[in-house]
Amino acid sequence: MRDKKIEKLIKSEEKRQAEGLELIPSENYVSEDVLRANGSVFTNKYSEGYPGRRYYGGQDFTDQVETLAIERACKLFNCKYANVQPHSGAPANLAVYAALLSPGDTVLGMDLSHGGHLTHGHPMTLPAKIYKFVTYKMKNPDTGEIDYEEMRRVAIAEKPKLIIAGFSAYSKTLNYKKFVEIAREVGAITMADMAHIAGLIAAGVLRNPFDDGFDIITSTTHKTLRGPRGGIILTREDEEIAKKIDKAIFPGIQGGPHMHTIAAKAVAFGEAMTPKFKKYALQILKNAKAMEQVFHKNKIRMIGGGTDNHLILADVFGSLGVTGKEAQTVLDEVGITLNMNSIAGDTRKPLDPSGIRFGTPAITTRGFKEKECACVAELMIKVLKNKDNKKIKESVHKEIKKLAKKFPIPKKFV
Ligand code: DSN
């Protein structure tokens, strides 16, 4: 590469990823095939519109790429319509709102502090300035069960047009049937934002919200699904909704689709259809359970009491007197990357909350099994309990580097 400054930074990031352990539950490593498609000449091409209906010439191959991505997405998630153009999860969610709601309409989503996502109505986001968001919460953060009675009461009182199931920091199982039941009672459309668990749903190891009657699924493509940074919107069977969503993405909120990313999405969807991917998804769950058990054994409080998916939210301040920020920093020092996170009822500020959020998608891609994951959990706790002990931190860092060396980031998944 001629740009030596950027080349150096790429190499440094490669080294950081290779030598450390990635526990941020929304991150993963892509295959060299996904990287190749993402870095391909499709980045040069403009193709506003949809396959067969474009506003620019020269679309012979872009049309084929996008059609393949759509077909694979539909097959993977068992639905009729897919829009593969969203640049990421936030525009995917915004497009659904723009397609189906009028300004001032009400949306019911999970409270951010109980695990929901910013795009489900945080006051600082654009959607919250256009629509009215109301929330549901967990009944009890120690079991993680959603308060469906309260959700129903809010839905009847507020008459939302859209009800969202989905999260970015929730480790338990949502009862999709209950969502659909409540939505039907008040005439709302249902949308599942499955960004975090898309890979687990694609592999069939977690339940597909479409099987319980959800109308729409939105997702990113880079988390457990292990594709490029990007988004998708899926519609089970309603052609009218699908048409409105297409219009909302283009020309509604986006211009030219990123065809290189769409090519990479198609590759990732292809990889996710393989038996190997199913095995990978199962291992993600087993690995998260193995980490959960170590945290249990050490009496560290986990929101929801543990995990049913790929992530764990631990109350490190309540259990160990270490703040989320301190935990994130000290674990970074020993080569473990995760993120601080607010927990339900947190009395601390978001920039130094009580919790940490971590998960197993990336280390499972590296080949970690239960044994290594339990070992990582033990090492994490050792560091958290000895955060000012230089010697202990140095020895843990050595262990982490050894593990990273033993399990290099793979290039091929199928
Ligand atoms: N930033 C993503 C996450 O880490 O969960 C969600 O958008």
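Only a predicted model underlies this, so the values are computations on that prediction, with no experimental measurement involved.

A. Looking closely at the sheet that holds strand β8 (residues 189–193). Taken in spatial order, the 7 strands of this open sheet run β4-β10-β9-β8-β7-β5-β6, and their pairing is mixed. With partners counted over all chains shown, the strands left at the sheet margins are β4 (81–83) and β6 (132–136), one partner each. Taking each pair of neighbouring strands and ignoring which way they run, the sheet shows an average axis angle of 20 degrees. In terms of strand pairing, β4 meets strand β10 (residues 231–235) through 3 bridges, oriented antiparallel. Each residue of the ladder has a partner; that of A82, found in β10, is L234. Those strands touched by helix α6 (residues 148–158) are β5 (106–110) and β6, and its axis lies near 160 degrees from that of β6.

B. Representation of the sheet that holds strand β13 (residues 339–341) in the model. The sheet built from 3 strands is open, its strands ordered β11-β14-β13 with antiparallel pairing. At either end of the open sheet lies a strand with only one pairing partner, and these are β11 (311–315) and β13. When strand polarity is set aside, the average angle formed by the axes of neighbouring strands in this sheet is 35 degrees. Relative to strand β14 (residues 355–359), β11 is paired through 5 bridges, and the arrangement is antiparallel. When the sheet's bridge partners are listed, L313 is paired in β14 with R357. Sheet contacts for helix α13 (residues 324–333): β13 and β14; angle to β13, the most-contacted strand, approximately 170 degrees.

C. Broad picture of the UniProt feature "modified residue: N6-(pyridoxal phosphate)lysine" (unreviewed entry) in the protein chain. Within this structure's numbering, the places UniProt gives as "modified residue: N6-(pyridoxal phosphate)lysine" (unreviewed entry) are K223. When sequence neighbours within four positions are dropped, the list of residues in contact with K223 reads S26, N28, A195 and H196. A polar contact of 3.0 Å, which involves the side chain of K223, links it to the side chain of T220.

D. Expanded view of the nonpolar core. F77, I146, L174, F179 and L234 are the most contacted members of the largest nonpolar core, which has 66 residues in total. It is helix α10 (residues 259–272) that provides the largest number of residues to this core, a total of 8 residues. Excluding residues within four positions of it along the chain, I146 makes contact with M110, Y136, K137, M138, K139, M151, Y170 and L174. Counting residues in hydrophobic clusters, the runner-up holds 36 residues, among them F295, I392, V396 and A404.

E. Layout of the packing of helix α4 (residues 89–100) against helix α9 (residues 239–253). In the contact formed by α4 and α9, the axes pass within 8 Å of each other and the chain directions differ by 115 degrees. Crossing angle aside, the handedness with which α4 passes α9 is right-handed. Contacts between α4 and α9 involve P91, L94, A95, V96, A98, A99 and L100 on the former and, on the latter, I241, K244, I245, A248, I249 and I253.

F. Quick look at the site of the ligand. The environment of the ligand is made up of S26, H117, S168, H196, K223 and R357. Measuring from an oxygen atom of the ligand, one finds a side-chain N or O atom of S26 at 2.6 Å. Separating an oxygen atom of the ligand from a side-chain N or O atom of R357 is a distance of 2.7 Å. For the ligand, whose accessible area on its own is 230 Å², the fraction buried by protein is 62%. For the shell around the ligand, the residue count by class is no nonpolar, 4 polar and 2 charged.

G. Representation of the packing of aromatic side chains in the model. This structure, assessed with the given rule, holds 12 aromatic pairs. Centre to centre, the rings of Y97 and Y131 are 6.0 Å apart; their planes meet at 70 degrees, and the pair counts as edge-to-face. With Y97 in helix α4 and Y131 in the loop between α5 (126–130) and β6, this residue pair connects regions lying 34 residues apart in the sequence. Look at Y131 and you get buried, because its relative accessible area is 9%. A cation sits over an aromatic face here: R226 above Y280, 3.9 Å from the ring centre. Positioned over the ring face of F413 is R226, at 3.8 Å from the centre of the ring.

H. Region of interest: unusual backbone geometry. The omega torsion across F250 and P251 is 10 degrees, close enough to zero to call that bond cis. Among the structural elements, P251 can be located in helix α9. For R226, which is not glycine, the phi torsion reads 65 degrees and is therefore positive. On the secondary structure map, R226 appears in the loop between β9 (216–220) and β10.

Conventions used here
- Residues numbered from 1 in each chain as written.
- Predicted model: local features only at pLDDT ≥ 70, side-chain atom pairs only at ≥ 80, totals over all residues.
- Heavy atoms only, no water.
- Pairing = 2+ DSSP bridges.
- Helix = DSSP H or I, 4+ residues; strand = E, 2+ residues; numbered from the N terminus.
- Axes fitted to C-alpha atoms, helices over the stretch in contact; angles between N-to-C directions.
- Contact = heavy atoms within 4.5 Å.
- UniProt positions renumbered as here; feature names shortened; annotations may be inferred.
- Polar contact = N/O pair within 3.5 Å; in protein donor to acceptor, adjacent residues only side chain to side chain.
- Core = buried A, V, L, I, M, F, W, Y, C linked by side-chain atoms within 4.5 Å.
- Buried < 20%, exposed > 50% of the residue type's maximum accessible area, 1.4 Å probe, protein only.
- Left-handed = near helix turned anticlockwise from the far one by under 90°.
- Near = heavy atom within 4 Å.
- Areas by Shrake-Rupley, 256 points an atom, 1.4 Å probe, with all protein chains shown as cover.
- Nonpolar A, V, L, I, M, F, W, Y, C, P; charged D, E, K, R; others polar.
- Phe/Tyr/Trp six-rings, centres within 6.5 Å; stacked < 30°, edge-to-face > 60°.
- Lys NZ or Arg CZ within 6 Å of the ring centre and 35° of its normal.

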